[in-house]
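Summary of the model geometry
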Amino acid sequence: MWFTFVVSLESNYKTMKTKDIVNIAGYILEGWGNSSFTTDKIDEIAYENNMCVLIQNSRGFPIYSYDMMADNCLIHGSHSLELFAYRAEAITSDTGFYYAEIENPRFNNNTLLFVMVVGDRKNPDGYIYLNTSLEPVKSTAEIIQRQVLGISILMFILGLVIAYFLARLIETPIGRITRSAKKLGQGEYNISFDGRGYTETEALAETLNYAASEISKVDNLRRDLIANISHDLRTPLTMVKAYAEMIRDLSGDNPVKREEHVNIIIEESDRLATLVNDILDLSKLESGNTELNVTEFCITDVINDIMDRYTLFSEQKGYKFIVTAETPFMVKADQVKIQQVLYNLINNAINYTGPDKTVYITQIIKDKKTVRIDITDTGEGIDEELIPLIFDRYYRAEKSKREVIGTGLGLSIVKQVLRKHECRFGVRSEKGIGSTFWFEMTGKLGL
Ligand code: ADP
């Protein structure tokens, strides 16, 4: 407001005055020679517009005069001699009027002078002179500026009050969120964030609620993992201890028994080693510290080699492995890690397959560049809502009778390894029919 008033008051005033002067001249011209036209009207206009008016007849005698500036204007004052010069300008101009901004030497202010020839320029009926100040009357301008200052102060105070209440309104949900966040920080993961009041705070609260639920999930998984791992560690440890004690107390002298017990201790130690290795592998994979040791190898051979190792297992426990992997396919990958993926998937299939104890391992050449490996069991299948979870760290179905030791980390390792290789992978599962875990690798046909 300050800016508009201070900067544009004068220029606006000038524009308005110029328009006024033209209008008034037009008005006088219209009434010229009309008997009903009275000078009262001109008085009124001149007074309202702060304007000096002089009308002369054809011979230059004044027939009407209105002096607003008490002899100090360019028309009536001591400068009026120059009127002849201005009149001459109007007569010689094409338009019949002269129009100029002239400084009043008495007050040093800018004025607007307008001279107009009435009728034919060669034989004029008369002349109209108008003169008005182009600067707003000081007192008026000051009143306006003072008012503007008053309004500005009022607006400022009002703005402060409104801002205070708005800030308090916004602060309320943010304060609520902050308090909840503090509690979350202290480990209260089931806290709920309430951002009611503003779209933005609602969105923030929603995001934080999501974050809190994710943190809570991870926390639960961590707890589960510790429970699982300690359980899995305790079982072999108990066995190791029990058999070691047995050797010490009973079978130390009996070579046959002793050998049997020592073998159990070795087996249980292996289980422990597997578990510890899994945990280490996963933490290495997840921290991104593992470099892939990429070589070119035949995935078909790897599958068949692994399945050879399961032969004894299938003979002893009655499992049936149906392997379809004939056409040799070469891939470039970390062989040890891909073997681990296969082991983990096959072990899961053994653990979860149905009573027919059958597991299918199938290599499908999709096109000349891509091979897909399917590991299918005939088990219960996996609930659809669990499928996104099973690849999560530590996720593990509760009830599991296992033939092969599991830690709940197997599929997370599979995921990490396949992701590192940028392989596509996934699972299809149908309740009551079975599940197929698959992954794809790129490479080429042949040896
Ligand atoms: P683990 O088998 O040691 O529990 P995994 O990470 O290998 O851990 O598997 C996570 C979970 O995924 C398992 O506990 C099980 O619920 C589910 N799962 C994995 N493979 C299969 C499968 N072939 N059939 C049914 N469920 C499976």
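So, how was this worked out
Residues numbered from 1 in each chain as written. Predicted model: local features only at pLDDT ≥ 70, side-chain atom pairs only at ≥ 80, totals over all residues. Heavy atoms only, no water. Helix = DSSP H or I, 4+ residues; strand = E, 2+ residues; numbered from the N terminus. Contact = heavy atoms within 4.5 Å. Phe/Tyr/Trp six-rings, centres within 6.5 Å; stacked < 30°, edge-to-face > 60°. Lys NZ or Arg CZ within 6 Å of the ring centre and 35° of its normal. Pairing = 2+ DSSP bridges. Axes fitted to C-alpha atoms, helices over the stretch in contact; angles between N-to-C directions. Expected span 1.5 Å × (residues − 1). Buried < 20%, exposed > 50% of the residue type's maximum accessible area, 1.4 Å probe, protein only. Domains from an automatic or database assignment. Salt bridge = Lys/Arg side-chain N within 4 Å of Asp/Glu carboxyl O. Core = buried A, V, L, I, M, F, W, Y, C linked by side-chain atoms within 4.5 Å. Disulfide = S-S within 2.5 Å. Parallel < 35°, antiparallel > 145°, perpendicular 65-115°, else oblique. Left-handed = near helix turned anticlockwise from the far one by under 90°. Nonpolar A, V, L, I, M, F, W, Y, C, P; charged D, E, K, R; others polar. Patch = residues over 30% accessible without salt bridge, like charges linked within 9 Å, V, L, I, M, F, W, Y side chains within 5 Å. Areas by Shrake-Rupley, 256 points an atom, 1.4 Å probe, with all protein chains shown as cover.

Structural notes on the environment of Ala-25
In this fold, Ala-25 is placed in helix 1 (residues 2–31). Linking Ala-25 and Glu-101, residues 76 residues apart in sequence, is a C-alpha distance of 16 Å. Excluding anything up to four places from it in sequence, Ala-25 contacts Phe-114, Met-116, Ile-128 and Leu-130.

Things to note about the packing of aromatic side chains
If you walk through the whole model with that rule in mind, you get eleven aromatic pairs. When the ring centre of Tyr-127 is taken as reference, the NZ or CZ atom of Arg-87 above it lies at 4.5 Å. Taking NZ or CZ as reference, Lys-357 lies 4.9 Å from the ring centre of Tyr-319, over its face.

Details of the sheet that holds strand 1 (residues 51–57)
Here we have five strands laid out as an open sheet, ordered 2-1-5-4-3, and antiparallel in their pairing. Each edge of the open sheet carries a strand with a single partner, namely strand 2 (62–66) and strand 3 (97–104). Each adjacent strand pair in this sheet contributes to an overall mean axis angle of 15°, direction not counted. Where strand 3 and strand 4 (residues 109–119) come together, eight bridges link them in antiparallel fashion.

Overview of helix 6 (residues 255–287)
Between its first and last C-alpha, helix 6 extends 47 Å over 33 residues, near the 48 Å set by a 1.5 Å rise per residue. Of all the residues in helix 6, the buried ones are His-261, Ile-264, Ile-265, Glu-268, Leu-272, Leu-275, Asp-278, Leu-282 and Leu-285. Elements that come into contact with the buried residues of helix 6 comprise helix 5 (199–249), helix 9 (335–352) and helix 11 (410–420). With its phi angle positive at about 75°, Gly-288 sits one or two positions after the end of helix 6.

A short note on the domain arrangement of the protein chain
Parsing the protein chain into structural domains produces domain 1 (2–136) and domain 2 (294–445). Computed over C-alpha atoms, the centres of domain 1 and domain 2 are 103 Å apart.

Notes on the pattern of salt bridges
If you walk through the whole model with that rule in mind, you get 14 salt bridges. Two residues, Asp-194 and Arg-196, come together in a salt bridge whose shortest N-O distance is 2.7 Å. One salt bridge connects Arg-223 with Asp-219, and the closest N-O pair in it is separated by 2.2 Å. Taken as a pair, Arg-223 and Asp-219 lie in helix 5 at a separation of four residues, close to a single helical turn. Its relative accessible area of 49% is what places Arg-223 among the partly exposed residues. Among the residues examined, Asp-219 registers a relative accessible area of 7% and is labelled buried.

Some thoughts on unusual backbone geometry
Residues other than glycine seldom take positive phi values, yet Asn-50 does so here, at roughly 60°. Along the polypeptide, Asn-50 turns up in the loop between helix 2 (39–48) and strand 1. Of note in the backbone geometry, Glu-422 takes a positive phi value of approximately 55° without being a glycine. Its location among the elements puts Glu-422 in the loop between helix 11 and strand 11 (425–430).

Some thoughts on the nonpolar core
Soluble globular proteins: nonpolar side chains tend toward being buried together. In terms of nonpolar packing, the biggest core is built from 45 residues, with Ile-299, Phe-321, Leu-342, Ile-346, Ile-375 and Met-441 touching the most fellow members. Counting residues per element, this core draws most heavily on helix 9, at seven residues. Not counting the four nearest positions on each side in its chain, Ile-346 is found in contact with Ile-306, Met-307, Tyr-310, Phe-321, Ile-361 and Ile-375.

Considerations on helix 11
Across the eleven residues that make up helix 11, a large majority, nine, are buried. Those residues of helix 11 lying buried are Gly-410, Leu-411, Ser-412, Ile-413, Val-414, Lys-415, Gln-416, Val-417 and Leu-418. Turning to helix 11, the residues buried within the fold contact helix 6, helix 9, helix 10 (387–390), strand 11 and strand 12 (434–445). Downstream of helix 11 by a residue or two, Glu-422 has a phi angle that is positive, lying close to 55°.

A look at the side chain of Gln-339
Within the secondary structure, Gln-339 sits in helix 9. Leaving out residues up to four positions away in the same chain, Gln-339 has contacts with Val-302 and Ile-306.

What about the pairing of strand 3?
Only one face of strand 3 is buried: it carries Tyr-98, Ala-100, Ile-102 and Asn-104, and the other face, with Phe-97, Tyr-99, Glu-101 and Glu-103, is open. Between strand 3 and strand 4, which pair antiparallel one after the other, the connecting turn spans four residues, and Asn-108 there sits at a positive phi close to 55°.

Here we look at the environment of Lys-332
Relative to the helices and strands, Lys-332 resides in strand 8 (residues 329–334). By relative accessible area, which is 60% here, Lys-332 ends up exposed. With 89 residues separating them along the chain, Lys-332 and His-421 place their C-alpha atoms 9.4 Å apart.

Description of the state of the cysteines
Counted under the stated rule, the structure contains zero disulfides. For Cys-298, which is in no disulfide, the shortest distance to another cysteine sulfur is to Cys-423 and amounts to 16 Å.

As for the packing of helix 5 against helix 6
As a packed pair, helix 5 and helix 6 sit with axes 9 Å apart at the nearest point and diverge in direction by 160°. With respect to helix 6, the element helix 5 is oriented roughly antiparallel. Read as a crossing pair, helix 5 and helix 6 show a hand that is left-handed. Facing Ile-229, Asp-232, Leu-233, Pro-236, Leu-237, Met-239, Val-240, Tyr-243, Ala-244, Met-246 and Ile-247 of helix 5, the residues of helix 6 in contact are Arg-258, His-261, Val-262, Ile-264, Ile-265, Glu-268, Ser-269, Leu-272, Leu-275 and Ile-279. When the residues that make up the contact of helix 5 with helix 6 are grouped by side-chain class, the tally is 16 nonpolar, two polar and three charged.

Observations concerning a nonpolar patch on the surface
On the surface, a cluster of nonpolar side chains totalling about 920 Å² of accessible area is made up of Trp-2, Leu-149, Ile-153, Phe-156, Ile-157, Leu-160, Val-161, Tyr-164 and Phe-165. Within the fold, Ile-157 resides in helix 4 (residues 138–185).

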